[in-house]
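Per-entry structural report
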Amino acid sequence: MRNFDEKNITDAVIARLADSPSPRVQQISASLVRHLHDFVREIEPTQAEWEQAIDFLTRTGQMCSSTRQEFILLSDALGVSMLVDAINHRLPGTATETTVLGPFYVQHAPEVARGTRIAGPGEGPALLIEGSVRSVDGQPLADASVDIWHADDAGFYDVQKDGAKLSGRARVRTDADGNFWVIGAVPAAYPIPNDGPVGQMLDAQGRHPFRPAHVHFMVAAPGHETLVTHLFLAVSDYLDSDVVFGVKDSLIEMLGTAAPGTTPYGAVVETPMPVLRRDFVLGRGLSGAAA
Ligand code: BEZ
Ligand code: FE
């Protein structure tokens, strides 16, 4: 076939997929071509705009390194990461809701004993982070692994600081009753990395780059879906305009004040301290072998 035009080129490209050895590749490719062609027909780009788009994608790729993933950031800022997350986590009603992983997760964070102070005094007011891990049937999950990471009170993660050692992050395990606790620092709201193409896109779209203050959690237990989520601080700015669309009502928490003594989770508190508390509930599944 020859002589393709605005009307027949879409079907012609899709017809070329007929011999794909993978039905899934064929389905994805056909859908991509259909939607992409419809998008181009709708916006009718000038040649200069098309070149600008190619340049944007080229620079997005060039910005990527072992410590920077600009394409994931693009996916985050366009709401695609949260859409993929929603499609893949149609969880039972009682399971804790999920949200984006983000670029500041570090695999194999040091495992610490319950009660360890995981953030230095220069990183913000001490924050007791405590809670429990249960199955949807209410069963406490002992020895579950709980990865915790958060920004400091200036809005920076440890991995964003020059030569800094890991801080504001750790892995802790639950006790026999499914409880855990560590002492971190009260985090601040912060902008996502915006010195690259995604930052330029946000500027062009008239959007701010901020995320509300939050603490990240990854909770894993054998026989359960690994939970990737955050708790957002109820007093934070940007809860209604998170640049990556990650906020869910069920994940917003008011900070309490832990009084001196022992908390219901077994945390030992010497002086009154703000506390972020959550009982996490994991859905049953195969993906959660605790590492
Ligand atoms: C974060 O919360 O760490 C994050 C998530 C998505 C994009 C950038 C940062
Ligand atoms: Fe974060």
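Below is a short write-up of the structure. (Residues numbered from 1 in each chain as written. Chains lettered and ligands numbered in written order. Predicted model: local features only at pLDDT ≥ 70, side-chain atom pairs only at ≥ 80, totals over all residues. Heavy atoms only, no water.)

This part is about the overall build of the protein chain. Within the protein chain, the regular secondary structure consists of six helices and 13 strands. Each principal axis of the C-alpha distribution contributes one length, and for the protein chain these read about 80 × 40 × 30 Å. Every one of the 291 residues in the protein chain was classed for burial, and the buried ones make up 43%. Carbon and sulfur atoms make up 56% of the accessible area of the protein chain, which totals about 15700 Å². Measuring between centres, the 23 positive side-chain charges of the protein chain sit 5 Å from its 36 negative side-chain charges. (Helix = DSSP H or I, 4+ residues; strand = E, 2+ residues; numbered from the N terminus. Buried < 20%, exposed > 50% of the residue type's maximum accessible area, 1.4 Å probe, protein only. Areas by Shrake-Rupley, 256 points an atom, 1.4 Å probe, with all protein chains shown as cover. Lys, Arg positive; Asp, Glu negative; His and termini not counted. Charge placed at Lys NZ, Arg CZ, Asp CG, Glu CD.)

Here Gln160 shows up in the loop between β2 (145-150) and β3 (169-173). In the structure, Gln160 is positioned 93 residues away from Thr67 in sequence and 9.4 Å away in space, judged by C-alpha atoms. Setting aside residues no more than four positions away along its own chain, Gln160 makes contact with Phe104 and Gly155. Separated by 2.8 Å, the side chain of Gln160 and the backbone nitrogen of Tyr157 make a polar contact. (Contact = heavy atoms within 4.5 Å. Polar contact = N/O pair within 3.5 Å; in protein donor to acceptor, adjacent residues only side chain to side chain.)

What follows covers the site of ligand 1. As a structural note, the neighbourhood of ligand 1 is formed by Leu73, Asp76, Gly102, Pro103, Phe104, Tyr157, Tyr190, Ile192, Arg211, His214, His216 and Val244. Contact distances for ligand 1 include 2.7 Å between an oxygen atom and a side-chain N or O atom of Tyr190. Side-chain polar atom of His214 to an oxygen atom of ligand 1: 3.0 Å apart, as the coordinates give it. For ligand 1, the protein covers 100% of the area, taking 270 Å² as the surface of the free molecule. Counting atoms within 2 Å of the grid points, the majority share of ligand 1 lands in the largest cavity. Within the residue set of the shell around ligand 1, elements represented by two or more residues are α4 (70-77) and β7 (214-220). Here the residues of the shell around ligand 1 sort into seven nonpolar, three polar and two charged. (Near = heavy atom within 4 Å. 1 Å grid on protein atoms, 1.4 Å probe; cavity = no way out; pocket = protein on both sides within 12 Å on 5 of 7 lines; lining within 4 Å. Sits in = over half its atoms within 2 Å of the grid points. Nonpolar A, V, L, I, M, F, W, Y, C, P; charged D, E, K, R; others polar.)

A few words on the layout of surface pockets. Quantified by volume, the largest pocket comes out at close to 1000 Å³. As for the largest pocket, its lining consists of 25 residues, and the residues nearest its centre are Phe39, Ile43, Glu49, Trp50 and Ala53. Listed by contribution, the elements that provide at least two residues to the lining of the largest pocket are α2 (23-43), α3 (47-62) and α6 (197-204). Broken down by element, the lining of the largest pocket gets its largest block of residues, nine residues, from α3. (Points joined across faces, edges and corners; volume = space filled by probe spheres on them.)

To continue, consider the sheet that holds β2. Each strand in a sheet pairs with its neighbour through backbone hydrogen bonds, running either in the same direction (parallel) or in the opposite one (antiparallel). Pairing within the open sheet is mixed, and its five strands lie in the order β3-β2-β7-β8-β9. If you trace the sheet from one side to the other, it starts and ends with β3 and β9 (252-253), each paired once. In this structure, β2 lies alongside β7, joined through six bridges in antiparallel fashion. Along β7, the bridge assignment pairs Val146 with Val219. (Pairing = 2+ DSSP bridges.)

This paragraph deals with the nonpolar core. In terms of nonpolar packing, the biggest core is built from 25 residues, with Val133, Val146, Ile148, Phe180, Phe217 and Val219 touching the most fellow members. If we ignore the near neighbours within four places in the chain, the residues touching Val219 are Val133, Ser145, Val146, Glu225, Thr226, Leu227, Phe280 and Leu282. Phe56, Leu74, Val198 and Leu202 belong to the second largest nonpolar core, which has 12 residues in total. (Core = buried A, V, L, I, M, F, W, Y, C linked by side-chain atoms within 4.5 Å.)

The iron ion (ligand 2) binds to the protein through Tyr157 (OH), Tyr190 (OH), His214 (NE2) and His216 (NE2); the donor distances cover 1.9 to 2.1 Å. The site at the iron ion (ligand 2) holds six donor atoms, and with the angles between them running 53 to 165°, its shape is irregular. Spacing between the donor residues of the iron ion (ligand 2) along their common chain follows Y-x32-Y-x23-H-x1-H. (Donors = N, O, S within 2.8 Å, 3.2 Å for Na, K, Ca; no water. Tetrahedral: all angles 85-135°; square planar, octahedral: opposite > 155°, others 65-115°.)

Attention shifts here to the pattern of salt bridges. For the structure shown, the criterion picks out 13 salt bridges. Here Lys161 makes a salt bridge to Glu123, at a shortest N to O gap of 3.2 Å. Taken together, the residues Lys161 in the loop between β2 and β3 and Glu123 in the loop between α5 (80-88) and β1 (126-135) connect sequence positions 38 residues apart. A salt bridge links Asp242 to Arg211; the shortest N-O distance between them is 2.7 Å. Of this pair, Asp242 sits in the loop between β8 (227-233) and β9 while Arg211 sits in strand β6 (residues 210-211); the two residues are 31 residues apart in sequence, bridging distant segments of the chain. The same class applies to Asp242 and to Arg211, which are both buried. Via salt bridges that share partners, Arg68, Glu70 and Asp195 belong to a single interconnected network. (Salt bridge = Lys/Arg side-chain N within 4 Å of Asp/Glu carboxyl O.)

On to the sheet that holds β1. Read from one edge of the open sheet, four strands run β4-β1-β13-β10, paired in mixed fashion. Both outer strands of the open sheet, β4 (179-185) and β10 (256-258), are each paired with one neighbouring strand and no more. Strand-to-strand twist of the sheet, defined as the mean angle between neighbouring strand axes without regard to direction, takes the value 40°. Bridge count between β1 and β4: seven bridges; the pairing is antiparallel. The residue of β4 that forms the bridge with Ala126 is Ala185. (Axes fitted to C-alpha atoms, helices over the stretch in contact; angles between N-to-C directions.)

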